[in-house]
Amino acid sequence: MQTPALTEAWNTWIGAERLARALGDDDLAVIDARFELADPGAGEAGWRQARIPGARYAHLDRDLSAPAESGAEAALHGQGRHPWPRAAEFAARLRAWGVTPAHRVAVYDAAGGALAAARLWFLLRALGHEKVAVLDGGWQHWLAQGLPIDREPPAPTASAAAPYPGDFDAGLLLDAPQVQAHLRAGGLLVDVRAPERFRGDVEPIDRVGGHVPGAVNRPFADNLRDGLSKPPAELAAEFEGLLDGRAPRELVAMCGSGVSACHHLLAMAHAGLPGARLFTGSWSGWIEAPSRPIATGA
C-alpha cells in the first residue's frame, strides 16, 4: 500500500530517494530520455547498458519530435530542428511504453533534466497529464547516490490496453507568427540559451547566430545549483523579477529548437508559477524564414 508521501505533488522535480522508494509500484512508469545532440544514438546505447529499473527509452528525435518538414508553410510557422509532434503520434508512443492517464511518470536524462527530460515532461503536461516529474539531478545523481540500476537487456514493453486519450493544449504552444504578435503586444520572450549564443558570438548548431529582437536572456543553467534544482522560493523570486508584474502565461520560453526551453517551464511550475508557454520552433524555427529580423549583442 502506498503512503501519501509517494502520491502527492508528483508534478515537477522529484528527488532520487523518493523515486527509489516508488520503484515497483504498479502505477509508476519510468522513462529514460538521455540524449546527446552530437551523437544521437549515445543515449539509447547507454540505456541498453544500464538504466533505472523498469525504465523505457524515449529518443528525442524519434519519439519526442515530429519529422522535419520543408517548404513555405513550414518556414512560415518556424518548425525548427525538433518539430512539436502531433498528439496522436505522441499518444501512440505513450501506449507503446505502457503509460496510461492513471500512471505516475518519472523521466530523467543526463543533463539535469535540461534536455529531453524536460521536453517529455512538458509534452505530457500539455497533453493534460498531471502526474509527471523529472528526476532531480538526473542519471549522474542517481548513480552518485548508489541507487539501484538494471544492467540486464531491456524487456519488451507491455502496451496499455487502450490508446492514450486527449490532445495538446494549443494555447501553450506558439509558432513564429504568434511569437511576433506576442512581442508586439508587450509579451515577454525569454531565450534560455547560453549568453554567447544569445549574443551571436558563437553558433555551433544553427546556420546563423543571434536572437529574436525583443527577447531577453536567462540561461536554463540558472535553474540549477550543483546539478540540482534550486529551492522553489528562490526560483519564484528570480522568475517574479523577470516577469515584472506579468502573469506567468505572459512568459514564452525559447531555445535553439524548443527542447531546453522546457526547463524554464518546469522550473516555473516548481516555483508555483505554472502556465508559461513555449515557442515550439525556437531559434532554428525563427531563422527558417529569411525575412525575419535577427538581433546580435546583449
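Here, the structure is the one placed above.
Keep in mind that what you see is a predicted model, and the values were worked out from it rather than measured.

**Some thoughts on the nonpolar core**
Leu19 and Phe90 are the most contacted members of the largest nonpolar core, which totals 76 residues. Counting residues per element, this core draws most heavily on helix α6 (residues 116-126), at nine residues. Contact partners of phenylalanine 90, with chain neighbours within four places excluded, come to Asp63, Leu64, Pro85, Trp97, Leu120, Leu123, Leu124, Leu127 and Phe168. Counting residues in each nonpolar core, the second largest holds 13 residues, with Leu174, Val212, Val252 and Trp283 among its members.

**Things to note about the pattern of salt bridges**
Once their charged atoms are close, side chains differing in charge can pair, the charge on each being opposite to the other. Per the counting criterion, the structure on display carries 19 salt bridges. The shortest N-O distance in the salt bridge between arginine 51 and aspartate 150 comes to 3.3 Å. In this pair, arginine 51 is assigned in the loop between α2 (42-49) and β3 (56-57) and aspartate 150 in the loop between α7 (138-144) and β6 (173-174), connecting sequence segments 99 residues apart. The exposure class of arginine 51 is buried, given its relative accessible area of 2%. Of the charged contacts, one joins glutamate 238 and lysine 230 as a salt bridge, the two residues approaching to 3.0 Å between their closest N and O atoms. For glutamate 238, a relative accessible area of 27% translates into the label partly exposed. Salt bridges linked by common partners bring Arg81, Asp191, Arg193, Arg197, Glu203 and Asp206 together as one network.

**Quick word on the sheet that holds β6**
Taken in spatial order, the five strands make up an open sheet running β6-β12-β11-β7-β8, and their pairing is parallel. A strand with exactly one partner marks an edge of an open sheet, and here the two such strands are β6 and β8 (216-217). Bridging between strand β11 (residues 251-254) and strand β12 (residues 277-279) involves two bridges; their strand directions are parallel. In the strand pairing of β12, alanine 253 is matched with leucine 278.

**Digging into the sheet that holds strand β2 (residues 28-32)**
As summarised here, the arrangement of the five strands in space is β1-β5-β4-β2-β3, forming an open sheet in which the pairing is parallel. Among the strands making up the open sheet, the edge pair consists of β1 (13-14) and β3. Note that strand β4 (residues 104-108) and strand β5 (residues 132-135) share three bridges and pair parallel. Looking at β5, one finds that alanine 106 is bridged to alanine 133. Here α6 sits on the sheet in contact with β2, β4 and β5, set at roughly 175 degrees to β5.

**Notes on the pairing of β11**
Residues Leu251 and Ala253 of β11 are buried on one face, and the alternating residues Val252 and Met254, pointing to the opposite face, are buried as well. For the segment spanning β11, helix α11 (residues 262-270) and β12, crossover handedness is right-handed.

**Remarks on the packing of aromatic side chains**
What characterises a pair of aromatic rings is the spacing of the ring centres plus the angle enclosed by the ring planes. Tallied over the entire structure, the rule returns seven aromatic pairs. An aromatic cluster is built from Trp84, Phe90, Trp121, Phe122 and Phe168, whose rings are joined through pairwise contacts. Over the ring of tryptophan 139 we find arginine 34, and its NZ or CZ is 4.3 Å from the ring centre. Taking NZ or CZ as reference, arginine 292 lies 5.7 Å from the ring centre of tryptophan 286, over its face.

**Describing unusual backbone geometry**
A positive phi is found at aspartate 226, a non-glycine position, where the angle reads about 55 degrees. By secondary structure assignment, the location of aspartate 226 is in the loop between β9 (224-225) and β10 (228-229). The exposed category is assigned to aspartate 226, whose relative accessible area is 77%. Backbone geometry places aspartate 244, a non-glycine residue, at a positive phi of 50 degrees.

**Some remarks on the environment of phenylalanine 239**
Take phenylalanine 239: it is sitting in helix α10 (residues 232-243). Residues phenylalanine 239 and alanine 155, spaced 84 residues apart in sequence, show a C-alpha to C-alpha distance of 42 Å. When sequence neighbours within four positions are dropped, the list of residues in contact with phenylalanine 239 reads Arg218, Asn223, Leu251, His264, Ala267, Met268 and Leu273.

The rules we used
Each chain carries its own residue numbering, running from 1 in the written order of its sequence. A pLDDT threshold of at least 70 governs which residues receive local features in this predicted model, and a stricter bar of 80 or more applies before side-chain atom pairs are shown or counted, although totals over entire chains, interfaces and linings include all residues. Only hydrogens and water are set aside when side-chain values are computed; all heavy atoms of the structure are taken into account. Nonpolar cores are built from buried Ala, Val, Leu, Ile, Met, Phe, Trp, Tyr and Cys residues. Side-chain atoms within 4.5 Å join them into one set. Burial status follows relative accessibility: with a 1.4 Å probe on protein chains alone, a residue under 20% of its type maximum counts as buried, one over 50% as exposed, and anything between as partly exposed. Strands here are runs of E lasting at least two residues and helices are runs of H or I lasting at least four, both read from the DSSP assignment and numbered beginning at the N terminus. For this analysis, residues touch if any pair of their heavy atoms sits within 4.5 Å. A pair is scored as a salt bridge if a Lys or Arg side-chain nitrogen falls within 4 Å of a carboxyl oxygen belonging to Asp or Glu. A pair of strands is considered paired only if DSSP assigns at least 2 bridges between the two. To obtain each axis, a line is fitted to C-alpha atoms, and for helices this fit is confined to the stretch in contact; angles are then taken between N-to-C directions over 0 to 180 degrees. When the strands point away from the viewer and the path from the first strand over the helix to the second turns clockwise, the crossover is right-handed. Stacked, tilted and edge-to-face pairs are distinguished by plane angle, under 30 degrees for stacked and over 60 for edge-to-face with tilted covering the rest, among Phe, Tyr and Trp rings (Trp via its six-membered ring) whose centres lie within 6.5 Å. Counted as over-ring charges are cases with an Arg CZ or a Lys NZ within 6 Å of the ring centre that also lie within 35 degrees of the ring normal.

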